[in-house]
Amino acid sequence: MKVLGEALSAVSVEGAWKNLKAEVDHWDFDRVKAEANRVWNKELSKIIASGGSEKQLKNFYTALYHSLLAPNLFVDVDRRYRGRDFKIHEAKNFDNYTVFSLWDTFRAAHPLYSIIDQRRTRDFINTFLAQYEEGGRLPVWELAGNETDTMIGYHAVSVIADAAAKDIGGFDRKLALKAMKHSAEQKHYGLAAYVDHGFMNMEEERESVSKTLEYAYDDWCIAEVARRQG
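Reading guide: rules and limits
- Every residue gets a number counted from 1 within its own chain, in the order that chain's sequence is written.
- Whole-chain, interface and lining totals are the exception, using all residues; otherwise, since this is a predicted model, local features are given only for residues with pLDDT of at least 70 and side-chain atom pairs are given and counted only at 80 or more.
- With hydrogens and water set aside, each side-chain value is computed from the structure's full complement of heavy atoms.
- Inter-axis angles, ranging from 0 to 180 degrees, are taken between N-to-C directions of lines fitted to C-alpha atoms, where helices are fitted over the stretch in contact.
- Each helix is a run of DSSP H or I of at least 4 residues and each strand a run of E of at least 2, with the numbering of both proceeding from the N terminus.
- It is the rotation of the near helix from the far one that decides the hand of a crossing: anticlockwise by less than a right angle makes it left-handed, clockwise makes it right-handed.
- Two residues form a contact once any of their heavy atoms are found within 4.5 Å.
- Nonpolar residues are Ala, Val, Leu, Ile, Met, Phe, Trp, Tyr, Cys and Pro. Charged residues are Asp, Glu, Lys and Arg, and all others, Gly as well, are polar.
- Here roughly perpendicular refers to angles of 65 to 115 degrees, roughly parallel to angles under 35, roughly antiparallel to angles over 145, and oblique to all remaining angles.
- Residue types Ala, Val, Leu, Ile, Met, Phe, Trp, Tyr and Cys, when buried and joined through side-chain atoms within 4.5 Å, form a set referred to as a nonpolar core.
- Under the scheme applied here, a residue whose accessible area is under 20% of the maximum for its type counts as buried, over 50% as exposed, and between as partly exposed, the area being computed with a 1.4 Å probe on protein chains only.
- Here the term cavity refers to a set of points on a 1 Å grid, laid over the protein atoms alone, in which a 1.4 Å probe fits but cannot get out; the term pocket refers to an open set having protein on both sides within 12 Å along at least five of seven lines, with lining residues being those that place an atom within 4 Å of a point.
- Grid points are joined across faces, edges and corners, and a volume is the space filled by probe spheres set on the points.

Novice: Can you explain the packing of helix H7 (residues 156-165) against helix H8 (residues 173-184)? Please cite residues and give values.
Specialist: For the pair H7 and H8, interaxial distance at closest approach is 10 Å and the crossing angle is 150°. The handedness of the crossing between H7 and H8 comes out as left-handed. Residue-level inspection shows Val157, Ile160, Ala161 and Ala164 of H7 in contact with H8, the latter providing Arg173, Ala176, Met180 and Ser183. Of the residues that constitute the contact of H7 with H8, the class distribution is six nonpolar, one polar and one charged.

Novice: Residue-level account of the packing of H8 against helix H10 (residues 208-228), with values.
Specialist: Interaxial distance between H8 and H10 falls to 10 Å at its minimum, and their mutual angle equals 155°. Of the possible angle classes, the one that applies to H8 and H10 is roughly antiparallel. Crossing of H8 over H10 shows left-handed handedness. Contacts between H8 and H10 pair Leu177, Met180, Lys181 and Ala184 from the former with Asp219, Cys221, Ile222, Val225 and Ala226 from the latter. Looking at the contact of H8 with H10, its residues break down into seven nonpolar, no polar and two charged.

Novice: Lay out the nonpolar core in plain terms, naming residues and giving numbers.
Specialist: Formed by 35 residues in total, the largest nonpolar core has its most connected members in Ile125, Phe128, Leu129, Leu138 and Ile160. Every element with two or more residues in this core is listed here: helix H5 (109-116), helix H6 (118-135), H7, H8, helix H9 (191-197) and H10. If one sorts the elements of this core by residue count, H7 sits on top with seven residues. Contact partners of Leu129, with chain neighbours within four places excluded, come to Leu138, Phe171, Asp172, Leu175, Ala176 and Ala179. Residues Val75, Ala91, Phe94 and Ala130 belong to the second largest nonpolar core, which totals five residues.

Novice: Outline H5, listing residues and values.
Specialist: Restricting attention to buried positions, one finds in H5 the residues Ala109, His110, Tyr113, Ser114 and Ile116. Residues of H5 that are buried sit in contact with helix H3 (54-67), helix H4 (102-105), H6 and H7.

Novice: Lay out the layout of surface pockets with the relevant residues and their values.
Specialist: As a volume, the largest pocket reaches approximately 1600 Å³. Together, 40 residues line the largest pocket, and Glu23, Val39, Trp40, Leu73 and Arg120 are the ones closest to its centre. Listing elements by their share of the lining of the largest pocket, those giving two or more residues are helix H1 (13-23), helix H2 (29-44), strand E1 (72-73), strand E2 (80-82) and H6. For the lining of the largest pocket, the element with the highest residue contribution is H2, accounting for eight residues.

Novice: Describe the environment of Val13, naming the residues involved and giving the relevant values.
Specialist: Looking at the secondary structure, you find Val13 in helix H1. Since its relative accessible area comes to 57%, Val13 is described here as exposed. With 203 residues separating them along the chain, Val13 and Ala216 place their C-alpha atoms 44 Å apart.

Structure representation (structure tokens):
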């Protein structure tokens, strides 16, 4: 039996075929395995760890591998992707990504990416801004072009602020600040009480302490970006 392989596209069947032809125009298992080995060695060698036992090194690089499994590319080889408005767009000057579980990643994973992979960090932020323009909001917990609104805070602003602090360019700083402020001015998930009082209490909103803490941190991030812009 001849196996032709598989490909995905969020745009069209034709897009999937284009992706397959561009990425695996053969079905040589050993060749695919060797290419995967080459690509992952390149990614993992961004950090050179030494010392410790062999088990500790395996644990370290396994953890690093796991940290790099997402976000995922969400754009076809012809640069088209399905946006937050469910319309088809063309990614110009950036790679579009998906799976931004930001409550899970803003503390450590994204700061790591901003050190070892500034190119992708730039693409992540340009994806955020595209989602803001297409869907009216920065991502909170985005999956395949859909906002799940899982967890709390609006931590896309933390990723943007970290990039600004590290002088990572390649995105529209003024548009980013506008989008960040928009996140802070919504009236959902307890934000109305937080905006009115500077905090929220348990009578008004569940998870009141956690939400107050995370909104306050995100607002500090917005303030730092605003300060840098004068």
